[in-house]
Amino acid sequence: MSIKTVSTQPFTDQKPGTSGLRKRVKAFQQTNYLENFVQAIFNSLEGYQGQTLVVGGDGRYYNRQAIQIILKMSAANGFGRVLVGQGGILSTPAASCVIRKNQAFGGIILSASHNPGGPDNDFGIKYNIGNGGPAPEKVTEAIYTYSKEITSYQILATEDVNLDKLGTSQLGSMQVEVIDSVADYGDLMASLFDFDLIRKFIASGNFRMCIDSMHAVTGPYAIEIFEERLGAPIGTVQNGTPLEDFGGGHPDPNLVYAHELVDILYGEGAPDFGAASDGDGDRNMILGRKFFVTPSDSLAILAANAKLVPGYSSGLAGVARSMPTSQAVDKVAAQLGMDCYETPTGWKFFGNLLDAGKATLCGEESFGTGSNHVREKDGLWAVLFWLNILAVKQQSVESIVKEHWQSYGRNYYSRHDYEEVDTEKANTLMTNLRSLLSTLKGKQFGQYQVAYADDFGYTDPIDGSISQKQGIRIGFSDGSRIVFRLSGTGTQGATLRVYLESYEPDVAKQNLDPQQALADLITLSDEIAQIRQMTGREKPTVIT
Ligand code: G16
């Protein structure tokens, strides 16, 4: 087995986005494309010689081939040991858990998250640091810099590793350990939640649930946790076999793409509870019978009820949400007397707050919720948190949410996405908006008066790092908001996201359809940003 040094040329498009590098599979299949990026990751790191790396992915098309390349490059670059999930499978939160449990140097996760998979769809790769969380911006920027300068990479000339057989083998001087993808993660969940209580609740027969893994990575995790450890009937988990193309679906747990589950929860004889997870298992959608819980509300409700759950019974240090996420959790934090942090979009921004013990729960409007148990958002964790609350309160999902609104008020919320918009047009729309900002304050639009208008910037309270231009916020004097930003996770053209929020403390007015409650703000967002004119689109592609 010899180490080969292969000459290569840089690619100019390897800048990591909101969560790593995401491109079409075909881009990754170009000669040296993946190798360059992996070498750029290694070049950006210091002190990893002889250390442990965790590797796994969501099982999508090209996962196995990519893992073989990464294993051979890790060996050639001097890692001492790689822990790899069986079959190449590790959900994003499970990878975070394994990194932390083994005090690994870091991890490489292969996933394009909720983006579709298959030869003509998407693939992705991201680096996680030793705390188990996504690399912070200074690391991703260094990776990008190295990717632009690269002239060669190192790889071991050797046979592929058998990824399906548990156990240890040798790759040059590096050890490869194929680990059970689920065990460590399952044990961590059992340590946080009252599994006995949930098991009894499920066994009582008064509660039925349906979990949709969308043919993505959570299948084996959900089957072991819900059906095997918690005793839910076989078949509770649907679409539980990970497929390379996710069965042709779009593994994004929202009302549009998780329609199979939505049809069940809104149909005749619907179960009491439904949940779905995304491609790599870090997102979640929570449904009650004929009832949808917005991710922003979900975060607020978990925070308000955390004391009911063993892993959080001593209270929360604080909470954090991304800027576009609704302010529902802010109300809970204020009432419980704890800090609430507002960060840019991207789970990586929560890492420092979690490490410093300033926040215990974090969440994002993009169907992500998590806590300090790992350093990634965690879909099945959120489902278990809800199950634990339901088992204690013995109420329906809908009544828990409505009681929450009665106590804290309701933050009506919706996100309108315009996908695959021409990049230049989307950039012009944002530039135009930026140039308007200084003129907006104090302006009256119908019933709304602009209280502030800015481009969100964030100074990390722990390390002082600054992130600018993180989304345009227009806030009104009644607490309503419109936020505009361009997604950092798409792979084709640009995705414009428009986030709309209004606050309703009056219980009598809390039962409107959000699109109706937000109708004036929706019209106003078009008036201010000229969305239809600039994008040529009459309506959003996806409304959540
Ligand atoms: C990633 C990030 C999240 C972010 C989401 C959407 O999630 O980890 O923090 O909220 O993308 O980002 P954007 O609005 O830029 O598309 P995931 O689940 O795709 O890894």
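Up top is the structure these notes are about.
Please read all numbers here as calculations on a predicted model, not as lab measurements.

1. Considering the sheet that holds strand β12 (residues 273–277)
The strand order across the open sheet built from five strands is β11-β10-β12-β13-β14, with neighbouring strands paired in mixed fashion. Every interior strand has two partners, whereas the edge strands, β11 (237–238) and β14 (291–293), have only one. Strand direction decides the pairing type here: β12 and strand β13 (residues 284–288), joined by five bridges, are antiparallel. Bridged to Gly274 within β13 is Leu287.

2. Some remarks on the sheet that holds strand β18 (residues 368–371)
Backbone-to-backbone hydrogen bonds join strands into a sheet, with any given pair of strands oriented parallel or antiparallel. Read across the open sheet, the four strands follow the order β16-β15-β17-β18; overall the sheet is mixed. Where the open sheet ends on each side, the last strands, each with one partner, are β16 (339–343) and β18. Neighbour-to-neighbour, the strand axes of this sheet turn through a mean angle of 15 degrees, independent of strand direction. In this fold helix α10 (residues 295–304) packs onto β15 (318–322), β17 (361–364) and β18, with an angle of close to 170 degrees to the strand it touches most, β17.

3. What about unusual backbone geometry?
Despite not being glycine, Phe246 shows a phi value in the positive range, around 55 degrees. Here Phe246 lies in the loop between β11 and α9 (259–265). Positive phi, normally seen in glycine, also occurs at Gln530, with a value near 55 degrees.

4. Structural notes on helix α8 (residues 218–229)
Residues Thr218, Gly219, Tyr221, Ala222, Glu224, Ile225, Phe226 and Glu227 constitute the buried set of α8. At the C-terminal side of α8, Gly231 shows a positive phi close to 75 degrees.

What counts and what doesn't
Residues numbered from 1 in each chain as written. Predicted model: local features only at pLDDT ≥ 70, side-chain atom pairs only at ≥ 80, totals over all residues. Heavy atoms only, no water. Pairing = 2+ DSSP bridges. Helix = DSSP H or I, 4+ residues; strand = E, 2+ residues; numbered from the N terminus. Axes fitted to C-alpha atoms, helices over the stretch in contact; angles between N-to-C directions. Contact = heavy atoms within 4.5 Å. Buried < 20%, exposed > 50% of the residue type's maximum accessible area, 1.4 Å probe, protein only.

Purely spatial values, then, with no claim about function.
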